[in-house]
Amino acid sequence: MKNILLFSVIAVMIAGVVAWPAAASACSCEQPPGVAEELKRSDAVFSGKAILVDEKPVLFSAATRSVVFQVAQVWKGPAHSQIKIKTGQGDGDCGINFSAGQEYLVYAVKSEMYGANELTTIICDRTAVLSQAQGDFAVLGEGQEPTEEVDLLSSNGWILPLAGFIVFGIIAFAVYRKRKTIK
């Protein structure tokens, strides 16, 4: 009887965790601010090509999309050759549906909206496909080329899988040793 009660409690707890609704809010924007105002409030303004669009499901919260840009021009913020920003998945969470290979004018702010304090952009910002943002350049003026070479595509993508493999190996070894000592 105790085993059935314990199993029931554990099953209810697991079901509660899995079925717990993620925080959700619909995205509602006023008209985007003017170019000068958006430039002033942004932490980074740059143009560039989206070279990696990585969607990450997140447990207990909304999924995010990380986008790495090959930067062409910088008006504000880090003058790096590559910059990573975060956004939502779209569909009401304010995220922008970036496409790899497409060029954009990006206005980004440091925010915790999609996790740690990172550069983010949403549909309420002036971020747009480059061909649709030509009017912004009259106010922005001429940008600067990036001055610091960065490679965000080859940075430590192997550490997490390696750590998982090591932990799995340690657990498997411990189980093996325990079984061997029981016999």
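The structure reproduced in this document is the subject of the present report. All figures in this text were calculated on a predicted structure; none of them were measured in a lab.

### Concerning the packing of aromatic side chains
Describing an aromatic ring pair means giving the distance of the ring centres and the angle of the ring planes.
And then number 1: Applying the stated criterion to the full structure yields 5 aromatic pairs.
And then number 2: When the centroid spacing of 5.4 Å and the interplanar angle of 70° are considered together, the rings of Phe46 and Phe69 count as edge-to-face. Here Phe69 lies in strand β2 (residues 64-76) and Phe46 lies in strand β1 (residues 44-56), a separation of 23 residues in the sequence. Accessibility assignment for this pair places Phe46 and Phe69 in one class, buried.
And then number 3: Residues Trp75 and Phe137 carry aromatic rings whose centres are separated by 5.6 Å and whose planes lie at 35° to one another, so their mutual orientation is tilted. Of this pair, Trp75 sits in strand β2 while Phe137 sits in helix α3 (residues 137-140), and the two are 62 residues apart along the sequence.
And then number 4: Judged by relative accessible area, which is 22%, Phe137 ranks as partly exposed.

### Some details on the environment of Leu130
And then number 1: The topology assignment puts Leu130 in the loop between β6 (128-129) and α3.
And then number 2: Distance in space between the C-alpha atoms of Leu130 and Lys49 is 9.1 Å, their sequence separation being 81 residues.
And then number 3: In contact with Leu130, other than residues within four places in its own chain, are Ser47, Glu103, Tyr104, Leu105 and Phe137.

### Some thoughts on the environment of Arg65
And then number 1: Inspection of the secondary structure assignment puts Arg65 in strand β2.
And then number 2: Given a relative accessible area of 3%, Arg65 falls into the buried group.
And then number 3: Arg65 sits 22 residues away from Thr87 along the chain, and the two C-alpha atoms are 5.3 Å apart.
And then number 4: Of the polar contacts made by the side chain of Arg65, one reaches the side chain of Glu55; its length is 3.0 Å.

### As for the side chain of Ser81
And then number 1: Assignment of secondary structure puts Ser81 in the loop between β2 and β3 (82-88).
And then number 2: When near neighbours in sequence (up to four residues on either side) are disregarded, Ser81 contacts Phe69, Gln70, Val71, Pro146, Glu148, Glu149 and Val150.

### Considering the pairing of β1
And then number 1: Both β1 and strand β4 (residues 103-111) contribute to a ladder of 6 bridges, which runs antiparallel. From the neighbouring strand, Val45 faces β4, where its bridge partner is Tyr107.
And then number 2: Across 11 bridges, the pairing between β1 and β2 is antiparallel. Bridging from a neighbouring strand, Asp54 pairs with Ser66 of β2.

### Section: the nonpolar core
And then number 1: Counting residues in hydrophobic clusters, the biggest one holds 15 residues, and the most contacted among them are Phe46, Phe69, Ile85 and Phe98.
And then number 2: Where this core is concerned, the elements lending two or more residues are β1, β2, β3 and β4.
And then number 3: With 4 residues, the top contributor of residues to this core is β2.
And then number 4: Setting aside its immediate chain neighbours within four residues, Phe98 contacts Val53, Arg65, Val67, Phe69, Ile85, Thr87, Tyr104, Thr121 and Thr127.
And then number 5: Core analysis: the second largest hydrophobic core is formed by 9 residues, Val35, Tyr107, Ala133 and Leu140 among them.

### Some details on the pattern of salt bridges
And then number 1: Scanning the entire structure with this criterion turns up 5 salt bridges.
And then number 2: For the salt bridge of Arg41 with Glu38, the shortest nitrogen-to-oxygen distance reads 2.8 Å. In this pair, Arg41 and Glu38 both sit in helix α2 (residues 35-41), 3 residues apart, roughly one turn of the helix.
And then number 3: Looking at Glu38, the relative accessible area reads 0%, which means it is buried.
And then number 4: As a salt-bridge pair, Asp125 and Arg41 come within 2.3 Å of each other at their nearest N and O atoms.

Definitions and cut-offs
Residues numbered from 1 in each chain as written. Predicted model: local features only at pLDDT ≥ 70, side-chain atom pairs only at ≥ 80, totals over all residues. Heavy atoms only, no water. Phe/Tyr/Trp six-rings, centres within 6.5 Å; stacked < 30°, edge-to-face > 60°. Helix = DSSP H or I, 4+ residues; strand = E, 2+ residues; numbered from the N terminus. Buried < 20%, exposed > 50% of the residue type's maximum accessible area, 1.4 Å probe, protein only. Contact = heavy atoms within 4.5 Å. Polar contact = N/O pair within 3.5 Å; in protein donor to acceptor, adjacent residues only side chain to side chain. Pairing = 2+ DSSP bridges. Core = buried A, V, L, I, M, F, W, Y, C linked by side-chain atoms within 4.5 Å. Salt bridge = Lys/Arg side-chain N within 4 Å of Asp/Glu carboxyl O.

Without other data, these values stay purely geometric and don't point to any function.
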